[in-house]
Amino acid sequence: MSTEAEVTTTGVKVELPKSYEDIKDLIRVDRLPHIWCPGCGLGILLKLLARAIKNSGIPIEKHVIVTGIGCTGRLGGYLKLDAYHVTHGRAIPFAVGLKMANPELEVTVVGGDGDILAIGGNHFIHAARRNDDINVIIVNNFIYGMTGGQYSPTTPKGAKTTTSPYGHYENPFNVPLLAYAAGASYVTRWTVLHQNELYQSLLEMFKVKGFAVVEVLSPCIIYTDRNAMGDAVDLMRVLKERPVIDHRANLADLDIDFSMKKIILGNFVKRERPVSYG
Ligand SMILES: Cc1ncc(C[n+]2csc(CCOP(=O)(O)OP(=O)(O)O)c2C)c(N)n1
Ligand code: SF4
């Protein structure tokens, strides 16, 4: 399959600061400690997103974050900028409305696989079809974390969850393929352990005119616990060591199965398509 892919990674490794001193003014320090479990990947994403926002060249007051419900949905509340925490699954239509009303805004949705692809699934495909000029970061932890571990549209077949105690029997979405097929202009997948690459994709996402999708694979202890996969650090190890980076991969090959033996990451799609709103 031709994906009109254009490799956007510069290949240049940027030196990311180890502390969060450089972004302290963007973090609501008064809200710390955050609510996330030890070993959750969301704190890493928060840091990288804040850094990308800060270095985007777009004034902070033009950035808006929209989140729905879930552990991921709490991310916007830790950022010192305009952030809207809206109802479950409705972050994308809320974000599209903001962009229509004020096209100068840089609007970014951050949501979990349940929020964006289950209850919000229709909004996702139709915003991609229209190529609405917003950014969507999907934190794929393979499960509904906040509500205690029900299966989501990305839960691999065979995985145990509270709603599939004998092993899940449905096929999961291949998120990059779905985003591309629906019409997104920009599609990437990284893990929170690929900080350099993820950071650069977030910077690139802000430059894209059209619907930009960044899938972020992230460890969740609810998922690892249910599936006897060790603790979150063990899943972190899997997400760090196992993936293969292939920017030109066939999108149909990007499924992630329960064994997690094949995880392909990359900047898969960057294409120009007419934009509906924005
Ligand atoms: C209308 C509605 N339905 C259901 C819920 C319960 N609920 C809260 S968060 C959530 C799913 C969260 O999973 P996900 O989006 O994957 O985010 P995570 O917590 O894993 O980051 C659900 C079903 C709700 N808050 N509102
Ligand atoms: S339940 Fe999962 S996603 Fe939620 S804070 Fe804990 S580790 Fe993170």
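Only a predicted model underlies this, so the values are computations on that prediction, with no experimental measurement involved.

Engineer: Let's hear about the layout of surface pockets: which residues, and what values?
Structural biologist: A volume near 270 Å³ is recorded for the largest pocket. Lys13, Leu16, Leu193, Gln195 and Asn196 are, among the 14 residues lining the largest pocket, the residues nearest its centre. Residue contributions to the lining of the largest pocket peak at three residues, all from helix α6 (residues 195-207). In terms of residue class, the lining of the largest pocket is made up of four nonpolar, three polar and seven charged.

Engineer: Please provide a residue-by-residue account of the site of ligand 1, values included.
Structural biologist: Cys71, Thr72, Gly114, Asp115 and Gly145 are the nearest of the 16 residues found near ligand 1. Separating an oxygen atom of ligand 1 from a backbone N or O atom of Gly114 is a distance of 2.9 Å. Side-chain polar atom of Asn141 to an oxygen atom of ligand 1: 3.0 Å apart, as the coordinates give it. Bound to the protein, ligand 1 loses 72% of the 590 Å² it would expose on its own. Here the shell around ligand 1 gets four residues from one element, more than from any other, and that element is helix α3 (residues 113-119). Partitioned by chemical class, the residues of the shell around ligand 1 number six nonpolar, eight polar and two charged.

Engineer: I'd love a proper account of empty space enclosed by the protein, names of residues and values included.
Structural biologist: As enumerated under the stated definition, the model contains one cavity of 30 Å³ or more in all. Class assignment for the residues of the lining of the largest cavity results in six nonpolar, three polar and three charged.

Engineer: Describe the packing of aromatic side chains, naming the residues involved and giving the relevant values.
Structural biologist: The geometry of an aromatic ring pair comes down to the distance between the two centres and the angle between the two planes. Evaluated as defined, the whole model comprises four aromatic pairs. Aromatic pair Phe142 and Tyr223: ring centres 5.6 Å apart, planes at 35°, arrangement tilted. On the criterion of sequence distance, the pair formed by Phe142 in the loop between β4 (135-140) and α5 (175-182) and Tyr223 in helix α7 (residues 221-226) is long-range, its members being 81 residues apart. Summarising the burial analysis for this pair, Phe142 and Tyr223 share the class buried.

Engineer: Let's hear about the packing of helix α1 (residues 42-54) against α6: which residues, and what values?
Structural biologist: Contact pair α1 / α6: the axes reach a minimum separation of 9 Å and the direction vectors enclose 45°. In terms of their interaxial angle, α1 and α6 are classed as oblique. By crossing handedness, the relation of α1 to α6 is classed as right-handed. Within the contact between the two elements, α1 uses Ile44, Leu45, Lys47, Leu48, Leu49, Arg51, Ala52 and Ile53 and α6 uses Gln195, Leu198, Tyr199, Leu202, Leu203 and Phe206. Taken together, the residues of the contact of α1 with α6 sort by class into 11 nonpolar, one polar and two charged.

Engineer: Give me the side chain of Arg271: which residues, what numbers.
Structural biologist: Along the chain, Arg271 falls in the segment after β8 (264-270). For Arg271, a relative accessible area of 12% puts it in the buried group. At 2.6 Å, the side chain of Arg271 and the backbone oxygen of Tyr180 are in polar contact.

Engineer: Before we move on, can you summarise helix α8 (residues 232-241) with the specific residues and values?
Structural biologist: The set of residues buried in α8 consists of Ala232, Leu235, Met236, Val238 and Leu239. The buried residues of α8 occupy an angular sector of 160° when the element is viewed end-on, so they sit on one face. The exposed set on the far side of α8, more than 90 degrees from its buried face, consists of Lys240 and Glu241. Buried residues belonging to α8 abut α1, β5 (186-191), β6 (212-217) and α7.

Engineer: Account for the confidence of the model for the protein chain, naming residues and giving values.
Structural biologist: Taken as a whole, the protein chain shows an average pLDDT of 93; of its residues, 95% reach a score of 70 or greater. Segment residues 1-8 is flagged for pLDDT under 50; beyond a separation of four residues in sequence, or across chains, it makes 27 contacts in the model.

Engineer: Tell me about the sheet that holds strand β3 (residues 106-112), and name the residues and values.
Structural biologist: Spatial strand order, β2-β1-β3-β4-β6-β5-β8-β7: eight strands in an open sheet with mixed pairing. The open sheet has two edge strands, β2 (82-85) and β7 (244-245), and neither has a second partner.

Engineer: So what's going on with the packing of helix α4 (residues 121-130) against α5? Residues and values would help.
Structural biologist: Two numbers describe how α4 lies on α5: the axes approach to 7 Å, and their chain directions differ by 45°. With respect to each other, α4 and α5 are oriented oblique. Within the contact between the two elements, α4 uses Phe124, Ile125, Ala128 and Arg129 and α5 uses Leu178, Ala179 and Ala182. Of the residues in the contact of α4 with α5, the class split is six nonpolar, no polar and one charged.

Engineer: Please provide a residue-by-residue account of the site of ligand 2, values included.
Structural biologist: In the vicinity of ligand 2, the residues found are Trp36, Cys37, Cys40, Cys71, Asn141, Gly145, Cys220, Ile221 and Ile222. Looking at the shell around ligand 2 residue by residue, the classes come out as seven nonpolar, two polar and no charged.

Engineer: Outline the nonpolar core, listing residues and values.
Structural biologist: In terms of nonpolar packing, the biggest core is built from 50 residues, with Leu45, Leu49, Leu75, Leu79, Ile137 and Leu202 touching the most fellow members. At the level of secondary structure, the elements contributing two or more residues to this core comprise α1, β4, β5, α6, β6 and α8. Residues in contact with Leu79, not counting those within four places in the same chain, are Leu26, Ile27, Arg28, Leu46, Leu49, Ala50, Ile53 and Ile65.

About the criteria used
Residues numbered from 1 in each chain as written. Chains lettered and ligands numbered in written order. Predicted model: local features only at pLDDT ≥ 70, side-chain atom pairs only at ≥ 80, totals over all residues. Heavy atoms only, no water. 1 Å grid on protein atoms, 1.4 Å probe; cavity = no way out; pocket = protein on both sides within 12 Å on 5 of 7 lines; lining within 4 Å. Points joined across faces, edges and corners; volume = space filled by probe spheres on them. Helix = DSSP H or I, 4+ residues; strand = E, 2+ residues; numbered from the N terminus. Nonpolar A, V, L, I, M, F, W, Y, C, P; charged D, E, K, R; others polar. Near = heavy atom within 4 Å. Polar contact = N/O pair within 3.5 Å; in protein donor to acceptor, adjacent residues only side chain to side chain. Areas by Shrake-Rupley, 256 points an atom, 1.4 Å probe, with all protein chains shown as cover. Phe/Tyr/Trp six-rings, centres within 6.5 Å; stacked < 30°, edge-to-face > 60°. Buried < 20%, exposed > 50% of the residue type's maximum accessible area, 1.4 Å probe, protein only. Axes fitted to C-alpha atoms, helices over the stretch in contact; angles between N-to-C directions. Parallel < 35°, antiparallel > 145°, perpendicular 65-115°, else oblique. Left-handed = near helix turned anticlockwise from the far one by under 90°. Contact = heavy atoms within 4.5 Å. Arc of directions from axis to C-beta. pLDDT = per-residue confidence, 0-100. Pairing = 2+ DSSP bridges. Core = buried A, V, L, I, M, F, W, Y, C linked by side-chain atoms within 4.5 Å.

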